[in-house]
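The primary structure of each chain is shown beneath.
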Amino acid sequence: MKITMAHGSGGKATSELIQEVFAKEFENEILNRMEDSALVKGSQKLAMTTDSFVVTPIVFPGGDIGHLSICGTVNDLLMSGARPQYLTCGFIIEEGTEIDTLKQIAKSMAKTAKAAGIMIVAGDTKVIEGNGGIYINTAGVGFVDETIDISSSNCENGDIVILSGNLGDHHATILSSRLSIENTIKSDCAPLNDMVENLLENKIRIKAMRDVTRGGLGTVLNEFATASSCTIELQEEKIPVSDQVKSFCKILGLDPFYMANEGKMVAVVSKEDSEKALELIRNSKYGENAAIIGSVTQEEAGMVFVNTLIGGKRKIDILYGEGLPRIC
Amino acid sequence: RSYDMKKDQISYKINVLGIVQGVGYRPFVVRLAKECNIKGYVKNIGGIVEISAVGNKEAMDNFIHRLELQKPPGANVLSVDKKEIEYKEYSDFTIYKSGDEKQLPIISPDLPTCKICEQELHDKNDRRYLYPFISCVSCGPRYSIIRKLPYDRCNVTMDIYPMCKECENEYSDLATRRCHAQTIACQECGPYLIWNGPNGEEEVKEKAYKKAVSVLKNSGIVAIKDIGGYHFACLADCVKAVKHLRQLKGREKKPFAVMFSDVKQIKEYCFVSSKEEQLLNSDPRPIVLLRKKKDFSKEVCGESLDIGAFLPCNPLQILLLEDCGPLVMTSANRSGEPIIIEDEKVKALKEKDSLLEGILYHTRQILTPLDDSVLRMIGNKQIFIRRARGYVPLPIILKQKSKEVIFAAGGDLKASFCLYHEDRAYLSQYFGDMEDIDVCSAYEKNKIRMEKLFHLTPKKNVCDMHPEYFTVKKIYNSNNQIIRIQHHHAHIASVIAEHGLEGRVLGIAFDGTGYGTDGAIWGGEFLLCEKEKVKRLGHLSYITLCGGDEAAKNADLVKNCFLINEGIESKDDNSSLIKAALDFKLNTFQTSSMGRLFDAVCAMLKIKDYNDFEGECAGLLENLAIMALEKRKKPYPMRLTISRENGMIIVSTKGLFSQIKKAMEEGHERQEIALGFHYALVDIMKQVCEIVKKEIGITQIALSGGVFLNRVLTEEIMKCLNDKGFKVYINEKVPIGDGGICLGQAYLAGLMKK
Ligand SMILES: [Fe+3]
Ligand SMILES: [Mg+2]
Ligand SMILES: [Zn+2]
Ligand SMILES: [Zn+2]
């Protein structure tokens, strides 16, 4: 069965859809009350975030838009050192969408939310004219310890930069799907609770931390470098990228430094903490390929560069647009 | 006018511009004048040598001719300006005392060891016997060690060595070759060699030299401090050593240059024409690409048909080459980085990499990095591939003067900039690709250095149109007026500037990549240029490529795009991915690049499908064409077609790959096909020139862009166009590739009103 405009009328079809697709999957005591707003407990410093998800295709190797919409918001909360608690979701569904697809998405949202320890406490559904597309907005709330101070402006000379795993998997997966290229690349889409909790529990002093999503590692590190007025120096040979992604990117002229990921984070920690932090990340879920990829130096402020395999020093600028060839 | 035509006597005022002071130029003129039976005087005025000459017509012609051709060692004549003046009578030819005019800022490039110093170096009885820093007033380092003008002992990095009594005497004795030789030194007082061995242990002087020689002879790699920076050296005929050197340089794939002790030794390995011999022996002692006769191992110059050969330019190199024979001599750096000039950096590198066994250095500081210059003779023209040591900072003298000081940023690859004032365009040395941050900072530091040295403060900045060039982004930090010049327009303008061409010129600019005014990537362009104006008359047909910068390296990728364009099926692994990327417009761009066409044809012929270094594929294709010519093979007939789109001349590549495919299927040799491709390009260029000549009456043709480093293409087109009555010009003073575009930019900015 497919979504029709009637499913968005607010009437019987709507409530049937909600009951059958969402309530079944998202069930919990707060949501079950079906009030106009969710009443939740909270007494600490709060972290709040929101994000909208518009990926095509909506189902892809390694995940789907539902999984993605939970991971994205959960990871954003985690990056400020928060423990994710509550989440709301809004669906904008185009007519023509298969209800089965919707069910699959709701299922994966529920599963991911559970894994990430976040409770879906409110939701909304709208139907628009169109051709089977789905757009999801999620907003999340998390609790943060007063003592935590994670900020992109905290990087200092000598600090170490750790990346939690291979770059480019998500981006390469989505592109492969869109280009109808068959390969075995899978999205890295994942919630990073385990990793962040391990770091926090073990009192690793995290100075700056970001999930490496749209804009890629290059963009994140440039934000760190600018906010902290420091130079970040990377070692190309240390940057983890799978061979398959590497060759896929190369021929398309894509730079893993600028490719999107959905289950990767980069953390800047003091040198003393770095080995332990790496160990902790590696022993966490989704962190097995983590690596120390560089360090903070003070040579020239606000810049990121990479020591390349052949020995040069390439500047990693912020991304300007689709790369025009510069080489003669 | 009433010339007093006393018998058949004529009078000339001659101004000689260049490095003509402090090098014994005036005595040279006196000698010349006396030999030619010329009377008059010579004097220094503010950086120029002024000559007043009187004689009969024959004597005068002879005198001027010789003045243009000859010079004392160390001198460098940039221009000889002459005009006839009213007759004056002189009884003799003498030196007049110079005025106190301000020195015009012309600084000598570094000079090679002169003949006399070389003799002394080998003379057991000379007090500088085997002294590796011997020099005199006509030789030795100059630009690389000068802090500021005037060129005095206290302003060069020799000032840390106080002169000994004997040197002092020579320095102040008008009768010696070392009178006021700022680089004067000897074993007693001057710089000396230091050896820094595998464990950091040091030896000095003779012992240091011997250590280095023994490591070299034992197949080791030594870093040697030379004029413009450090070199890595090893035996050219030791495969293991050269392999190690490639590793040390960061898996470098480019051919290495080889230094030989003399031309005789070069002739064992290469064919050397008399022009090439002259070039090898010229003051800059550049690397000259010479056709191989006999090869070292493949490790040295790979598949290249040429050896980049050069001669020693300083006493240390003279001695080392005599003791060790041909040495691979390459800039000390990891590939992509600038040549190292700091002792500490080399030491750090040695710490990190045990492949570097030792360092032979000294404590005289090098102030600016200067790579070895690289040239190639094409026809009878000397074409610059890289312009650096030995040429910089000599200005290019332009007909057209600029009142304002102009800074031209150049391009991003093979970056070099230009400061232009009055009739002088001072080009910086080659720096490298600006993507490397050390290259970037060398570029910036030297911009400041040159501005200070020559007292030039730019008021106008000019740069390329590419939105992502680092050279462009940098320029926007200044408050000066900014002018942006299209890449290929700058290429052609550089030819017009150096030849002082006037009127309309048809420019053919063939290269790899330049940002076009329509947002496409240009590179196969026919431009009508006159003064600062330009009109695109034609170009290579556009093709859509994908892969961004990767397309500049990956010839197979480009070939696939051409095949898709022609609708030819391909069974390549990547063809479906490339097709999808093109359909999806992922990282795609339109291009008329001639460089990419060469890459694609190279990949099509299955010669090589990836450029491990710039221009590799095009070079390999050229090699086949050269071999076809040498073996007198017939070119496989191939053709490109011309069509008109709204008046624009479109040189279409469509059908070319079907022709190549057919030729291969018919079993034609790759050499024949490669030559056929070259001839097809020559033919199409000729056709375009004839169309333009017919339609708008242009007979001046300017060639520029890296593609014209191709010997077959360039020699053929020049011959062909000359035969058809065209006047053909090409870059001879600045690099033909992107290293030369700063001159074109500067020249055009000078023509543009506010
Ligand atoms: Fe160019
Ligand atoms: Mg986000
Ligand atoms: Zn000398
Ligand atoms: Zn002395």
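About the criteria used
Residues numbered from 1 in each chain as written. Chains lettered and ligands numbered in written order. Predicted model: local features only at pLDDT ≥ 70, side-chain atom pairs only at ≥ 80, totals over all residues. Heavy atoms only, no water. Helix = DSSP H or I, 4+ residues; strand = E, 2+ residues; numbered from the N terminus. Buried < 20%, exposed > 50% of the residue type's maximum accessible area, 1.4 Å probe, protein only. Contact = heavy atoms within 4.5 Å. Areas by Shrake-Rupley, 256 points an atom, 1.4 Å probe, with all protein chains shown as cover. Lys, Arg positive; Asp, Glu negative; His and termini not counted. Charge placed at Lys NZ, Arg CZ, Asp CG, Glu CD. Donors = N, O, S within 2.8 Å, 3.2 Å for Na, K, Ca; no water. Tetrahedral: all angles 85-135°; square planar, octahedral: opposite > 155°, others 65-115°. Phe/Tyr/Trp six-rings, centres within 6.5 Å; stacked < 30°, edge-to-face > 60°. Expected span 1.5 Å × (residues − 1). Arc of directions from axis to C-beta. Domains from an automatic or database assignment. Buried area = accessible area lost by both parts, 1.4 Å probe. Salt bridge = Lys/Arg side-chain N within 4 Å of Asp/Glu carboxyl O. Polar contact = N/O pair within 3.5 Å; in protein donor to acceptor, adjacent residues only side chain to side chain. Nonpolar A, V, L, I, M, F, W, Y, C, P; charged D, E, K, R; others polar. Pairing = 2+ DSSP bridges. Axes fitted to C-alpha atoms, helices over the stretch in contact; angles between N-to-C directions. UniProt positions renumbered as here; feature names shortened; annotations may be inferred.

A.B. asks: What should I look at first to understand the overall build of chain B in this one?
C.D. replies: Of regular secondary structure, chain B possesses 22 helices and 29 strands. Here chain B, with 754 residues, has 62% of them falling under the buried criterion. Excluding contacts between residues fewer than 6 apart, the proportion of contacts in chain B whose partners are at least 24 apart in sequence is 70%. When the accessible surface of chain B is totalled, it reaches about 30,000 Å², and 48% of it is carbon and sulfur. Of the side-chain charges in chain B, 108 are positive and 100 negative, and the distance between the mean point of each set is 3 Å.

A.B. asks: Looking at this structure, I do not really get the coordination of the zinc ion (ligand 4). What am I missing?
C.D. replies: Around a metal, the idealised angle for a tetrahedral arrangement of four donor atoms is 109.5 degrees; for an octahedral arrangement of six donor atoms it is 90 or 180 degrees. Residue and element names in this part refer to chain B. Coordination of the zinc ion (ligand 4) by the protein is provided by Cys-164 (SG), Cys-167 (SG), Cys-186 (SG) and Cys-189 (SG), with metal-donor distances spanning 2.1 to 2.4 Å. The coordination sphere of the zinc ion (ligand 4) comprises four donor atoms, whose angles at the metal cover 101 to 117 degrees; the geometry is tetrahedral. Assessed through its relative accessible area of 18%, Cys-164 is described here as buried. Overall, Cys-186 belongs to the buried group, its relative accessible area being 1%.

A.B. asks: Quick question: what am I supposed to make of the packing of aromatic side chains here?
C.D. replies: Geometrically, a pair of aromatic rings is defined through the distance of the ring centres and the angle of the planes. All names here are of chain B. Tallying each qualifying case throughout the model produces 21 aromatic pairs over all chains. Ring plane angle 20 degrees and centroid distance 6.0 Å describe the contact between Phe-417 and Phe-431, whose orientation is recorded as stacked. Within this pair, whereas Phe-417 is found in the loop between strand E17 (396-408) and strand E18 (418-427), its partner Phe-431 is found in the loop between E18 and helix H12 (437-453), the two being separated by 14 residues in sequence. A relative accessible area of 0% means that Phe-417 is categorised as buried.

A.B. asks: What exactly am I supposed to notice about helix H9 (residues 271-282) of chain A here?
C.D. replies: The α-helix advances 3.6 residues per turn, and as a result positions three or four apart in sequence lie on the same side. All names here are of chain A. For H9, spanning 12 residues, the distance from its first C-alpha to its last is 17 Å, which sits close to the expected 16 Å at 1.5 Å a residue. All of the buried residues in H9 are Asp-273, Ser-274, Ala-277, Leu-278, Leu-280 and Ile-281. Along H9, the residues classed as buried sweep out an arc of 160 degrees about the axis, all on the same side. Residues of H9 that are exposed and angled more than 90 degrees away from the buried face: Glu-272 and Glu-275. Those residues of H9 that are buried lie in contact with strand E7 (160-163), helix H6 (193-201), strand E10 (265-269) and strand E11 (291-297).

A.B. asks: For this particular structure, what's the right way to read the domain arrangement of chain A?
C.D. replies: Many authors give the size of an interface as the accessible area that is lost as the parts come together. Residue and element names in this part refer to chain A. The domains assigned to chain A are domain 1 (5-144) and domain 2 (160-315). Its C-alpha centre places domain 1 at a distance of 28 Å from the equivalent point of domain 2. Each partner contributes residues to the interface: domain 1 has 19 residues there, and domain 2 has 21 residues. For the pair domain 1 and domain 2, the two sides together bury roughly 1,600 Å², of which 67% comes from carbon and sulfur.

A.B. asks: Any chance you could explain the domain arrangement of chain B here in plain terms?
C.D. replies: Residues and elements named next belong to chain B. Once the domains are mapped, chain B shows domain 1 (9-95), domain 2 (105-191) and domain 3 (194-361). Relative to domain 2, the C-alpha centre of domain 1 lies at a distance of 27 Å. Contact residues are listed per partner, giving eight residues for domain 1 and seven residues for domain 2. Counting across the interface, domain 1 meets domain 2 through zero salt bridges. Counting across the domain 1 and domain 2 interface gives zero residue pairs in polar contact (both at pLDDT 80 or more). A total of three residues in the side of domain 1 that touches domain 2 trace back to one element, the largest contributor, which is strand E1 (residues 9-19).

A.B. asks: Got a minute to help me understand the coordination of the magnesium ion (ligand 2) in this structure?
C.D. replies: Residues and elements named next belong to chain A. Only Asp-51 (OD) and Asp-76 (OD) from the protein coordinate the magnesium ion (ligand 2), and they sit 2.4 Å from it. Residue Asp-51 is located in strand E1 (residues 45-53), and its partner Asp-76 is located in helix H3 (residues 65-79); the two are separated by 25 residues in the primary sequence. Assessed through its relative accessible area of 25%, Asp-76 is described here as partly exposed.

A.B. asks: Can you help me understand the interface of chain A and chain B in this one?
C.D. replies: At the interface, 29 residues of chain A touch 47 residues of chain B. Here chain A and chain B share two salt bridges between them. The shortest N-O distance in the salt bridge between Lys473(B) and Asp317(A) comes to 3.6 Å. Summed over the shared surface of chain A and chain B, the result is seven residue pairs in polar contact (both at pLDDT 80 or more). Listed by contribution, the elements that provide at least two residues to the side of chain A that touches chain B are helix H5 (169-178), helix H8 (243-252), strand E12 (303-307) and strand E13 (313-315) of chain A. Looking at the side of chain A that touches chain B, the element that brings in the most residues is H8(A), giving four residues. Considering only residue class, the side of chain A that touches chain B consists of 16 nonpolar, five polar and eight charged.

A.B. asks: Hey, could you run me through the sheet that holds strand E9 (residues 230-235) of chain B in this one?
C.D. replies: Within a sheet, each strand pairs with its neighbour through backbone hydrogen bonds, oriented either parallel or antiparallel. All names here are of chain B. A sheet is described by the order of its strands in space; here 11 strands give the open sequence E7-E6-E14-E8-E9-E13-E10-E12-E11-E15-E16, paired in mixed fashion. Only two strands of the sheet have a single neighbouring strand rather than two, namely strand E7 (202-204) and strand E16 (381-386). Averaged over all pairs of adjacent strands, the angle between strand axes in this sheet comes to 30 degrees, irrespective of strand direction. Judged from the two bridges that link them, strand E10 (residues 257-259) and strand E13 (residues 327-331) form a sheet pairing that is antiparallel. By the bridge assignment for E13, Met-259 is matched with Leu-327. Helix-sheet contacts for helix H5 (residues 205-217) involve strand E6 (194-196), E7, strand E8 (221-225), E9, E13 and strand E14 (356-361), and the interaxial angle to E7 is about 120 degrees. Contacts from helix H10 (residues 315-324) reach E8, E9, E10, E13 and E14, with the element oriented near 145 degrees to E13.

A.B. asks: I would appreciate a short explanation of the UniProt feature "domain: PurM-like C-terminal" (unreviewed entry) in chain A in the present structure.
C.D. replies: Feature annotation in UniProt places "domain: PurM-like C-terminal" (unreviewed entry) on residues 157-304 of chain A, given in this structure's numbering. Secondary structure content for residues 157-304 of chain A is 36% helix and 20% strand, and the end C-alpha separation is 13 Å.

A.B. asks: Honestly, the side chain of Asn198(A) in this entry has me stumped. Any pointers?
C.D. replies: Residue and element names in this part refer to chain A. Examined against the element boundaries, Asn-198 turns out to sit in helix H6. At a separation of 2.9 Å, a polar atom in the side chain of Asn-198 contacts the side chain of Ser-284. Contact partners of Asn-198, with chain neighbours within four places excluded, come to Leu-280 and Ser-284.

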